[in-house]
Amino acid sequence: MPPFPQPDFDFDFDPTEQVTALRQWRDTKPGRAIPAKQDGMLLLGSWNIANLGDSGQVRDDRDLPLMAEILGWFDLIAVQEVKENLGDLMKVKALMPGYDVVLSDQTGNGERMVFLYDSAKVNRLALVGEIDISPKDQRHIKIPNSTQKFTGFDRAPYMVAFEKDGFVMTVVNVHLFFGSDSQRSINRRALETYAVGRWGDLRRKRGRAFSHNLVVIGDMNMPVADVGDEVFEALTKRGLHIPEHQSRIGTTITEGKHYDQLAFFPGGAGEAYVQDGVFDFDGAVFADLWASRTEKEFEAFVRYHLSDHRPIWVQFRTD
(Lines give C-alpha, C1' and ligand atoms only; values in the text may rest on other atoms or scores of the structure.)
Protein backbone atom coordinates (compact mmCIF):
# COMPACT_ATOMS: atom_id res chain seq x y z
CA MET A 1 0.00 0.00 0.00
CA PRO A 2 1.50 3.40 -0.93
CA PRO A 3 1.63 5.86 1.99
CA PHE A 4 -1.61 7.69 2.58
CA PRO A 5 -1.28 11.46 2.02
CA GLN A 6 -1.14 13.67 5.05
CA PRO A 7 -4.43 15.57 5.49
CA ASP A 8 -4.19 19.28 4.66
CA PHE A 9 -5.49 20.16 8.12
CA ASP A 10 -4.51 19.28 11.67
CA PHE A 11 -6.71 18.11 14.49
CA ASP A 12 -5.38 18.26 18.01
CA PHE A 13 -6.45 15.48 20.34
CA ASP A 14 -5.58 14.13 23.76
CA PRO A 15 -4.45 10.48 23.52
CA THR A 16 -5.70 9.75 27.03
CA GLU A 17 -9.21 10.89 26.11
CA GLN A 18 -9.12 8.80 22.93
CA VAL A 19 -8.02 5.70 24.84
CA THR A 20 -10.97 6.20 27.19
CA ALA A 21 -13.28 6.48 24.18
CA LEU A 22 -11.87 3.24 22.73
CA ARG A 23 -12.49 1.38 25.99
CA GLN A 24 -16.03 2.72 26.27
CA TRP A 25 -16.78 1.69 22.68
CA ARG A 26 -15.41 -1.79 23.35
CA ASP A 27 -17.24 -2.22 26.65
CA THR A 28 -20.63 -0.62 25.98
CA LYS A 29 -21.39 -0.61 22.23
CA PRO A 30 -23.46 -3.64 21.16
CA GLY A 31 -21.50 -5.99 18.90
CA ARG A 32 -18.11 -4.46 19.75
CA ALA A 33 -17.26 -6.41 22.89
CA ILE A 34 -13.85 -8.07 22.88
CA PRO A 35 -13.45 -10.72 25.61
CA ALA A 36 -11.02 -10.01 28.41
CA LYS A 37 -7.80 -11.98 28.49
CA GLN A 38 -8.27 -14.98 30.75
CA ASP A 39 -6.88 -18.35 31.76
CA GLY A 40 -8.12 -21.21 29.62
CA MET A 41 -8.52 -18.97 26.57
CA LEU A 42 -6.23 -17.59 23.88
CA LEU A 43 -7.26 -14.22 22.46
CA LEU A 44 -5.62 -13.82 19.06
CA GLY A 45 -5.83 -10.65 17.00
CA SER A 46 -4.65 -9.30 13.66
CA TRP A 47 -4.27 -5.72 12.47
CA ASN A 48 -2.96 -4.25 9.24
CA ILE A 49 -1.50 -0.95 10.52
CA ALA A 50 -0.98 0.91 7.27
CA ASN A 51 2.66 1.70 6.49
CA LEU A 52 3.89 1.68 10.08
CA GLY A 53 7.40 3.12 9.98
CA ASP A 54 7.13 4.50 6.44
CA SER A 55 8.77 7.92 6.07
CA GLY A 56 5.89 8.95 3.82
CA GLN A 57 3.28 8.36 6.52
CA VAL A 58 4.71 9.76 9.71
CA ARG A 59 2.94 8.98 12.98
CA ASP A 60 3.43 11.27 15.94
CA ASP A 61 3.49 10.67 19.68
CA ARG A 62 -0.28 11.17 19.89
CA ASP A 63 -1.00 8.25 17.56
CA LEU A 64 1.14 5.52 19.09
CA PRO A 65 -0.66 5.21 22.46
CA LEU A 66 -3.91 4.49 20.60
CA MET A 67 -2.22 1.69 18.67
CA ALA A 68 -0.65 0.30 21.85
CA GLU A 69 -4.01 0.35 23.64
CA ILE A 70 -5.73 -1.77 20.99
CA LEU A 71 -2.80 -4.15 20.49
CA GLY A 72 -2.58 -4.70 24.25
CA TRP A 73 -6.10 -6.13 24.43
CA PHE A 74 -4.84 -9.41 22.96
CA ASP A 75 -2.69 -12.25 24.25
CA LEU A 76 -1.13 -12.45 20.80
CA ILE A 77 -1.60 -10.28 17.73
CA ALA A 78 -0.33 -10.48 14.16
CA VAL A 79 0.51 -7.15 12.54
CA GLN A 80 0.93 -6.45 8.82
CA GLU A 81 2.45 -3.54 6.86
CA VAL A 82 5.28 -2.82 9.28
CA LYS A 83 8.07 -1.27 7.25
CA GLU A 84 11.83 -1.80 7.38
CA ASN A 85 12.28 1.11 9.79
CA LEU A 86 11.24 -0.35 13.15
CA GLY A 87 11.25 2.93 15.06
CA ASP A 88 7.48 3.33 15.36
CA LEU A 89 6.93 -0.35 16.13
CA MET A 90 9.44 -0.24 18.96
CA LYS A 91 7.88 2.95 20.35
CA VAL A 92 4.52 1.17 20.39
CA LYS A 93 6.05 -1.88 22.06
CA ALA A 94 7.60 0.36 24.73
CA LEU A 95 4.06 1.40 25.64
CA MET A 96 3.10 -2.26 26.15
CA PRO A 97 4.90 -3.51 29.28
CA GLY A 98 5.37 -7.27 29.34
CA TYR A 99 4.95 -7.71 25.59
CA ASP A 100 7.60 -9.21 23.35
CA VAL A 101 7.97 -9.14 19.58
CA VAL A 102 9.10 -11.50 16.84
CA LEU A 103 9.25 -10.34 13.24
CA SER A 104 10.36 -11.20 9.73
CA ASP A 105 12.85 -9.42 7.57
CA GLN A 106 11.35 -7.20 4.90
CA THR A 107 9.52 -8.95 2.09
CA GLY A 108 7.42 -7.62 -0.81
CA ASN A 109 6.62 -3.90 -0.74
CA GLY A 110 9.30 -3.50 1.93
CA GLU A 111 6.96 -4.96 4.57
CA ARG A 112 7.66 -7.04 7.64
CA MET A 113 5.30 -9.51 9.31
CA VAL A 114 5.14 -9.02 13.09
CA PHE A 115 3.79 -10.80 16.15
CA LEU A 116 3.38 -9.05 19.50
CA TYR A 117 2.58 -11.27 22.48
CA ASP A 118 2.06 -11.03 26.23
CA SER A 119 5.14 -12.90 27.43
CA ALA A 120 3.62 -13.50 30.88
CA LYS A 121 0.84 -15.57 29.30
CA VAL A 122 2.15 -16.76 25.94
CA ASN A 123 5.37 -18.63 25.17
CA ARG A 124 7.06 -18.46 21.80
CA LEU A 125 8.24 -21.91 20.73
CA ALA A 126 11.03 -23.12 18.44
CA LEU A 127 9.22 -22.92 15.10
CA VAL A 128 9.79 -19.66 13.22
CA GLY A 129 9.82 -19.48 9.43
CA GLU A 130 8.26 -18.46 6.15
CA ILE A 131 6.09 -20.50 3.80
CA ASP A 132 7.98 -21.11 0.59
CA ILE A 133 6.88 -23.14 -2.42
CA SER A 134 9.90 -24.62 -4.19
CA PRO A 135 10.18 -24.04 -7.95
CA LYS A 136 9.57 -27.73 -8.69
CA ASP A 137 6.28 -27.62 -6.75
CA GLN A 138 4.95 -24.34 -8.13
CA ARG A 139 3.38 -26.22 -11.05
CA HIS A 140 0.91 -27.77 -8.58
CA ILE A 141 -0.50 -24.37 -7.66
CA LYS A 142 -3.40 -24.04 -10.10
CA ILE A 143 -6.87 -22.53 -10.07
CA PRO A 144 -9.90 -23.39 -12.24
CA ASN A 145 -10.41 -21.68 -15.59
CA SER A 146 -6.96 -20.10 -15.65
CA THR A 147 -3.56 -20.99 -17.06
CA GLN A 148 -1.84 -18.25 -15.08
CA LYS A 149 1.19 -19.59 -13.24
CA PHE A 150 2.16 -19.23 -9.61
CA THR A 151 5.70 -17.88 -9.29
CA GLY A 152 5.91 -17.38 -5.53
CA PHE A 153 4.48 -15.12 -2.85
CA ASP A 154 4.78 -11.36 -3.12
CA ARG A 155 4.97 -11.15 0.70
CA ALA A 156 6.05 -14.43 2.23
CA PRO A 157 3.61 -15.73 4.88
CA TYR A 158 5.34 -15.78 8.27
CA MET A 159 4.67 -18.57 10.76
CA VAL A 160 5.53 -18.82 14.43
CA ALA A 161 4.48 -21.44 17.00
CA PHE A 162 3.12 -20.26 20.35
CA GLU A 163 1.89 -21.95 23.53
CA LYS A 164 -0.63 -20.87 26.17
CA ASP A 165 -1.87 -23.06 29.01
CA GLY A 166 -0.32 -26.08 27.28
CA PHE A 167 -2.17 -25.39 24.02
CA VAL A 168 0.26 -25.19 21.09
CA MET A 169 -0.69 -23.35 17.91
CA THR A 170 1.16 -22.45 14.74
CA VAL A 171 -0.02 -19.04 13.55
CA VAL A 172 0.61 -17.94 9.96
CA ASN A 173 0.64 -14.17 9.50
CA VAL A 174 -0.31 -13.26 5.93
CA HIS A 175 -0.63 -10.20 3.75
CA LEU A 176 -1.52 -11.73 0.42
CA PHE A 177 -1.27 -10.09 -2.97
CA PHE A 178 -3.74 -7.38 -4.00
CA GLY A 179 -2.56 -5.68 -7.18
CA SER A 180 -5.69 -4.25 -8.79
CA ASP A 181 -9.23 -5.26 -9.70
CA SER A 182 -8.01 -6.77 -12.97
CA GLN A 183 -8.67 -10.46 -13.60
CA ARG A 184 -4.95 -11.13 -13.69
CA SER A 185 -4.53 -9.65 -10.20
CA ILE A 186 -7.54 -11.57 -8.89
CA ASN A 187 -6.05 -14.77 -10.31
CA ARG A 188 -2.77 -14.05 -8.59
CA ARG A 189 -4.59 -13.49 -5.30
CA ALA A 190 -6.37 -16.82 -5.75
CA LEU A 191 -3.10 -18.60 -6.58
CA GLU A 192 -1.49 -17.27 -3.40
CA THR A 193 -4.44 -18.26 -1.22
CA TYR A 194 -4.56 -21.74 -2.77
CA ALA A 195 -0.82 -22.09 -2.16
CA VAL A 196 -1.35 -21.37 1.56
CA GLY A 197 -4.23 -23.85 1.80
CA ARG A 198 -2.32 -26.57 -0.08
CA TRP A 199 0.76 -26.07 2.08
CA GLY A 200 -1.31 -26.46 5.27
CA ASP A 201 -3.16 -29.50 3.95
CA LEU A 202 0.08 -31.27 3.01
CA ARG A 203 1.64 -30.53 6.40
CA ARG A 204 -1.46 -31.92 8.08
CA LYS A 205 -1.59 -35.11 5.98
CA ARG A 206 2.10 -35.90 6.38
CA GLY A 207 1.62 -35.91 10.13
CA ARG A 208 4.92 -34.24 10.94
CA ALA A 209 3.78 -30.66 11.38
CA PHE A 210 5.10 -28.87 14.47
CA SER A 211 1.51 -28.47 15.69
CA HIS A 212 -1.81 -29.84 14.43
CA ASN A 213 -3.39 -26.53 15.47
CA LEU A 214 -2.87 -24.23 12.48
CA VAL A 215 -4.39 -20.77 12.11
CA VAL A 216 -3.90 -18.51 9.10
CA ILE A 217 -4.72 -14.91 9.92
CA GLY A 218 -4.17 -11.47 8.41
CA ASP A 219 -4.95 -9.37 5.38
CA MET A 220 -6.02 -11.90 2.75
CA ASN A 221 -7.40 -9.27 0.37
CA MET A 222 -10.57 -11.33 0.09
CA PRO A 223 -13.46 -9.01 -0.87
CA VAL A 224 -16.22 -11.49 -0.02
CA ALA A 225 -15.78 -14.46 2.32
CA ASP A 226 -18.46 -16.50 0.63
CA VAL A 227 -18.97 -19.35 -1.80
CA GLY A 228 -18.48 -18.15 -5.36
CA ASP A 229 -15.71 -15.66 -4.61
CA GLU A 230 -12.57 -16.86 -6.41
CA VAL A 231 -10.21 -16.01 -3.56
CA PHE A 232 -12.45 -17.64 -0.95
CA GLU A 233 -12.80 -20.78 -3.06
CA ALA A 234 -9.04 -21.02 -3.54
CA LEU A 235 -8.28 -20.67 0.18
CA THR A 236 -10.86 -23.22 1.34
CA LYS A 237 -10.40 -25.79 -1.43
CA ARG A 238 -7.92 -27.87 0.59
CA GLY A 239 -9.92 -27.87 3.82
CA LEU A 240 -9.17 -24.57 5.52
CA HIS A 241 -12.34 -23.28 7.15
CA ILE A 242 -13.36 -19.65 7.62
CA PRO A 243 -15.84 -19.36 10.52
CA GLU A 244 -19.18 -17.76 9.86
CA HIS A 245 -18.91 -14.06 10.59
CA GLN A 246 -20.32 -13.15 13.96
CA SER A 247 -20.14 -9.50 12.91
CA ARG A 248 -21.10 -7.92 9.60
CA ILE A 249 -18.73 -5.01 10.22
CA GLY A 250 -16.27 -4.69 7.35
CA THR A 251 -12.56 -4.76 8.09
CA THR A 252 -11.77 -1.64 6.05
CA ILE A 253 -13.03 1.76 7.17
CA THR A 254 -13.99 3.11 3.76
CA GLU A 255 -15.18 0.26 1.53
CA GLY A 256 -16.47 -2.09 4.21
CA LYS A 257 -14.66 -5.02 2.57
CA HIS A 258 -13.80 -8.17 4.50
CA TYR A 259 -10.18 -8.30 3.39
CA ASP A 260 -8.92 -9.40 6.82
CA GLN A 261 -9.76 -13.00 7.68
CA LEU A 262 -8.81 -16.02 9.73
CA ALA A 263 -8.93 -19.66 8.71
CA PHE A 264 -8.17 -23.01 10.31
CA PHE A 265 -8.71 -26.71 9.71
CA PRO A 266 -11.83 -28.23 11.30
CA GLY A 267 -9.86 -30.42 13.76
CA GLY A 268 -7.52 -29.03 16.39
CA ALA A 269 -7.89 -25.27 16.28
CA GLY A 270 -11.34 -25.73 14.78
CA GLU A 271 -12.51 -27.63 17.85
CA ALA A 272 -10.96 -24.99 20.13
CA TYR A 273 -12.64 -22.08 18.32
CA VAL A 274 -15.08 -20.06 20.45
CA GLN A 275 -15.91 -16.76 18.73
CA ASP A 276 -14.50 -13.98 16.55
CA GLY A 277 -15.18 -10.38 15.60
CA VAL A 278 -14.10 -7.05 14.12
CA PHE A 279 -13.40 -3.91 16.14
CA ASP A 280 -14.36 -0.68 14.35
CA PHE A 281 -12.13 1.70 16.33
CA ASP A 282 -13.05 4.50 13.91
CA GLY A 283 -16.49 4.63 15.50
CA ALA A 284 -14.92 5.66 18.80
CA VAL A 285 -12.00 7.98 18.07
CA PHE A 286 -11.91 11.65 17.11
CA ALA A 287 -15.58 12.41 17.79
CA ASP A 288 -15.02 16.15 17.57
CA LEU A 289 -13.37 15.74 14.19
CA TRP A 290 -16.33 13.70 12.94
CA ALA A 291 -18.65 16.48 14.07
CA SER A 292 -16.66 19.29 12.46
CA ARG A 293 -15.39 17.83 9.16
CA THR A 294 -16.78 15.87 6.24
CA GLU A 295 -16.84 12.09 6.27
CA LYS A 296 -14.04 11.96 3.69
CA GLU A 297 -11.88 14.31 5.74
CA PHE A 298 -12.49 12.22 8.85
CA GLU A 299 -11.56 9.01 7.05
CA ALA A 300 -8.43 10.60 5.58
CA PHE A 301 -7.29 11.61 9.08
CA VAL A 302 -7.98 8.14 10.51
CA ARG A 303 -6.19 6.40 7.63
CA TYR A 304 -3.12 8.57 7.99
CA HIS A 305 -2.78 8.61 11.77
CA LEU A 306 -4.00 5.07 12.53
CA SER A 307 -4.95 2.77 9.64
CA ASP A 308 -7.48 2.03 6.92
CA HIS A 309 -7.97 -1.48 8.35
CA ARG A 310 -9.78 -2.53 11.50
CA PRO A 311 -8.44 -5.23 13.84
CA ILE A 312 -9.98 -8.68 13.76
CA TRP A 313 -9.91 -11.12 16.68
CA VAL A 314 -10.66 -14.74 17.54
CA GLN A 315 -10.92 -16.60 20.83
CA PHE A 316 -9.80 -20.22 21.30
CA ARG A 317 -10.15 -22.54 24.28
CA THR A 318 -6.80 -23.73 25.62
CA ASP A 319 -7.98 -26.09 28.39
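Everything that follows concerns the structure shown earlier in this document.
Just so you know, these numbers come straight off a predicted model, no measurement behind them. (Residues numbered from 1 in each chain as written. Predicted model: local features only at pLDDT ≥ 70, side-chain atom pairs only at ≥ 80, totals over all residues. Heavy atoms only, no water.)

## Comments concerning the pattern of salt bridges
Logical step 1: As enumerated under the stated definition, the model contains 18 salt bridges in all.
Logical step 2: Here Asp105 and Arg112 are joined by a salt bridge, their closest N and O atoms 3.7 Å apart.
Logical step 3: With relative accessibility at 52%, the residue Asp105 sits in the exposed group.
Logical step 4: We classify Arg112 as buried; its relative accessible area is 10%.
Logical step 5: Between Asp201 and Arg238 there is a salt bridge, with its nearest N and O atoms 2.8 Å apart. In this pair, Asp201 sits in helix H4 (residues 183-206) while Arg238 sits in the loop between helix H5 (230-236) and strand S9 (260-264), placing the two residues 37 residues apart along the sequence. (Salt bridge = Lys/Arg side-chain N within 4 Å of Asp/Glu carboxyl O. Buried < 20%, exposed > 50% of the residue type's maximum accessible area, 1.4 Å probe, protein only. Helix = DSSP H or I, 4+ residues; strand = E, 2+ residues; numbered from the N terminus.)

## Thoughts on the packing of aromatic side chains
Logical step 1: Tallying each qualifying case throughout the model produces 17 aromatic pairs.
Logical step 2: Between Phe11 and Phe286 the ring centres are 6.0 Å apart and the planes differ by 75°, which places this aromatic pair in the edge-to-face class. Note that Phe11 is positioned in the segment before helix H1 (15-28) and Phe286 in the loop between strand S10 (273-278) and helix H7 (287-292), a separation of 275 residues in sequence.
Logical step 3: Accessibility expressed as a relative area gives 13% for Phe11, which makes it buried.
Logical step 4: A relative accessible area of 0% places Phe286 in the buried class.
Logical step 5: Aromatic side chains Phe13 and Phe301 sit 6.3 Å apart centroid to centroid with 85° between the ring planes, which places their arrangement in the edge-to-face category. With Phe13 in the segment before H1 and Phe301 in helix H8 (residues 295-305), this residue pair connects regions lying 288 residues apart in the sequence.
Logical step 6: Taken together, the ring pairs connect Phe9, Phe11, Phe13, Phe286 and Phe301 into an aromatic cluster.
Logical step 7: The side chain of Arg26 reaches across the aromatic face of Trp73, ending 4.5 Å from its centre.
Logical step 8: Of note, Arg293 hangs over the ring of Phe9, and the distance from its end group to the ring centre comes to 4.1 Å. (Phe/Tyr/Trp six-rings, centres within 6.5 Å; stacked < 30°, edge-to-face > 60°. Lys NZ or Arg CZ within 6 Å of the ring centre and 35° of its normal.)

## As for the sheet that holds strand S8 (residues 214-219)
The strands making up a sheet associate through hydrogen bonds between their backbones, and the pairing can be parallel or antiparallel.
Logical step 1: Pairing within the open sheet is mixed, and its five strands lie in the order S5-S6-S7-S8-S9. Each of the sheet's edge strands pairs with one partner strand only, and the pair in question is strand S5 (123-130) and S9. Strand-to-strand twist in this sheet, taken as the mean axis angle between neighbours without regard to direction, amounts to 20°.
Logical step 2: Pairing between S8 and S9: five bridges, direction antiparallel. Bridging from a neighbouring strand, Asp219 pairs with Asp260 of S9. (Pairing = 2+ DSSP bridges. Axes fitted to C-alpha atoms, helices over the stretch in contact; angles between N-to-C directions.)

These figures capture arrangement, not role.
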